[in-house]
Amino acid sequence: TFQTMEGQQRTTTRLIGSVIVLGILLILPWVIGRTLSDVAVTIGLFVLMGLGLNIAIGLAGLLDLGYVTNYAVGAYILAVLTSIGPLGIMKGTFTFWMVIPIALLAAMFAGFIFAVPVLRMRGDYLAIATLGFGEIIGKLAISDWLSPIIGGAQGVQAIPKPIFLGI
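Residues numbered from 1 in each chain as written. Predicted model: local features only at pLDDT ≥ 70, side-chain atom pairs only at ≥ 80, totals over all residues. Heavy atoms only, no water.

Trainee: Just checking my understanding: could you explain helix 4 (residues 96–115) for this structure?
Mentor: The α-helix winds at 3.6 residues per turn, so residues separated by three or four positions along the chain end up facing the same way. Its 20 residues give helix 4 an end-to-end C-alpha distance of 28 Å, which sits within 8% of 28 Å, the value for a rise of 1.5 Å per residue. Among all positions of helix 4, only Val-99, Ala-103, Ala-107, Ala-110 and Gly-111 are buried. If you follow the buried residues of helix 4, they end up packed against helix 3 (67–82). (Helix = DSSP H or I, 4+ residues; strand = E, 2+ residues; numbered from the N terminus. Expected span 1.5 Å × (residues − 1). Buried < 20%, exposed > 50% of the residue type's maximum accessible area, 1.4 Å probe, protein only. Contact = heavy atoms within 4.5 Å.)

So this is what it looks like as structure tokens:
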């Protein structure tokens with residue numbers, strides 16, 4: 001019974017801590033301003049990519065350096081589908097929240113396509129092959145060949161900010 005009460009106390013403490021952190025994160029943009037909020041979002045994105053790399057290396061023991069491919073595919077799909085600029089396919093028909101599942105599925109599909117050729121590789125070979133895929137995607141993104149679709153070095157412009165609860 002003592003261990004059960006201790007476990008319940010720990011769960012309650014974690015829940016209260018999570019609610020406090022979530023509240024701070026919701027209030028933080030108004031406190032620190034727009035510029036620092038944009039920087040914090042960028043930091044958060046890179047922290048998420050680092051956590052994914054940590055899971056792959058730490059838990060699976062695989063040195064996969066191709067995370068940028070999935071990130072880029074999802075980001076460009078989201079940008080092209082939500083942009084109200086000249087490169088926008090739907091010209092603002094879809095909102096950020098409507099496109100998130102589509103971008104997620106596109107990134108998963110790209111990850112699958114890039115994973116098939118390196119399925120049996122391990123160690124340095126896997127690291128080099130996946131790093132190569134990341135470099136290929138990076139070069140394609142800034143190339144003149146894809147610039148009519150994703151803007152080349154300029155990228156996709158006029159992407160509206162996500163709206164959450166009217167804010």
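Having seen the model, we can carry on.
Trainee: Quick question: what am I supposed to make of the packing of helix 3 against helix 5 (residues 123–141) here?
Mentor: A packed helix pair is summarised by two numbers, namely the angle formed by the two axes and the spacing between the axes. It is at 8 Å that the axes of helix 3 and helix 5 come closest, and there the two elements cross at 30°. What the angle tells us is that helix 3 and helix 5 run roughly parallel. Between helix 3 and helix 5, the contacting residues are Val-68, Thr-69, Ala-72 and Tyr-76 on the first element and Phe-133, Gly-134, Ile-137 and Ala-141 on the second. A breakdown of the residues in the contact of helix 3 with helix 5 according to their chemical character gives six nonpolar, two polar and no charged. (Axes fitted to C-alpha atoms, helices over the stretch in contact; angles between N-to-C directions. Parallel < 35°, antiparallel > 145°, perpendicular 65-115°, else oblique. Nonpolar A, V, L, I, M, F, W, Y, C, P; charged D, E, K, R; others polar.)

Trainee: Would you take a moment to explain the packing of helix 3 against helix 4 for this structure?
Mentor: With their axes 8 Å apart at the nearest point, helix 3 and helix 4 run at an angle of 145° to one another. Here the hand of the crossing between helix 3 and helix 4 comes out right-handed. Contact residues: helix 3 offers Thr-69, Asn-70, Val-73, Gly-74, Ile-77, Leu-78, Leu-81 and Thr-82, while helix 4 offers Phe-96, Val-99, Ile-100, Ile-102, Ala-103, Ala-106, Ala-107, Ala-110, Gly-111 and Phe-114. The residue inventory of the contact of helix 3 with helix 4, partitioned by class, reads 13 nonpolar, five polar and no charged. (Left-handed = near helix turned anticlockwise from the far one by under 90°.)

Trainee: Sorry if this is basic, but what is going on with unusual backbone geometry here?
Mentor: Trans is the common state for peptide bonds, and a negative phi is the common state for residues other than glycine. Positioned with a positive phi, Ala-158 is a non-glycine residue whose angle comes to about 60°. Among the secondary structure elements, Ala-158 is positioned in the segment after helix 6 (147–150). Judged by its relative accessible area of 38%, Ala-158 is partly exposed.

Trainee: Can you help me understand the pattern of salt bridges in this one?
Mentor: Any two side chains of opposite charge can pair if their charged atoms end up close together. Here the structure, examined in full by the defined rule, presents two salt bridges. Residue Asp-38 is joined to Arg-34 by a salt bridge in which the shortest nitrogen-to-oxygen separation is 4.0 Å. Within this pair, Asp-38 and its partner Arg-34 are both found in helix 2 (residues 34–59), separated by four residues, close to a single helical turn. The partner of Asp-38 in a salt bridge is Lys-161, and the shortest N-O contact between them spans 3.7 Å. Remark: Lys-161 occurs in the segment after helix 6 and Asp-38 occurs in helix 2; sequence separation between them is 123 residues. Where salt bridges share partners, they join Arg-34, Asp-38 and Lys-161 into one cluster. (Salt bridge = Lys/Arg side-chain N within 4 Å of Asp/Glu carboxyl O.)

Trainee: Can you help me understand the layout of surface pockets in this one?
Mentor: A probe matching the size of a water molecule, rolled over the atoms, marks out where space remains unfilled. Roughly 2200 Å³ of internal volume is contained in the largest pocket. Every residue lining the largest pocket is counted, 41 residues in all, and those nearest its centre are Val-41, Leu-45, Phe-96, Trp-97 and Pro-162. At the level of elements, helix 1 (2–32), helix 2, helix 3 and helix 4 are the ones that each hand at least two residues to the lining of the largest pocket. A per-element tally of the lining of the largest pocket places helix 2 first, with twelve residues. A per-class count over the lining of the largest pocket returns 31 nonpolar, seven polar and three charged. (1 Å grid on protein atoms, 1.4 Å probe; cavity = no way out; pocket = protein on both sides within 12 Å on 5 of 7 lines; lining within 4 Å. Points joined across faces, edges and corners; volume = space filled by probe spheres on them.)

These results come straight from atomic positions and should not be treated as a statement about function.
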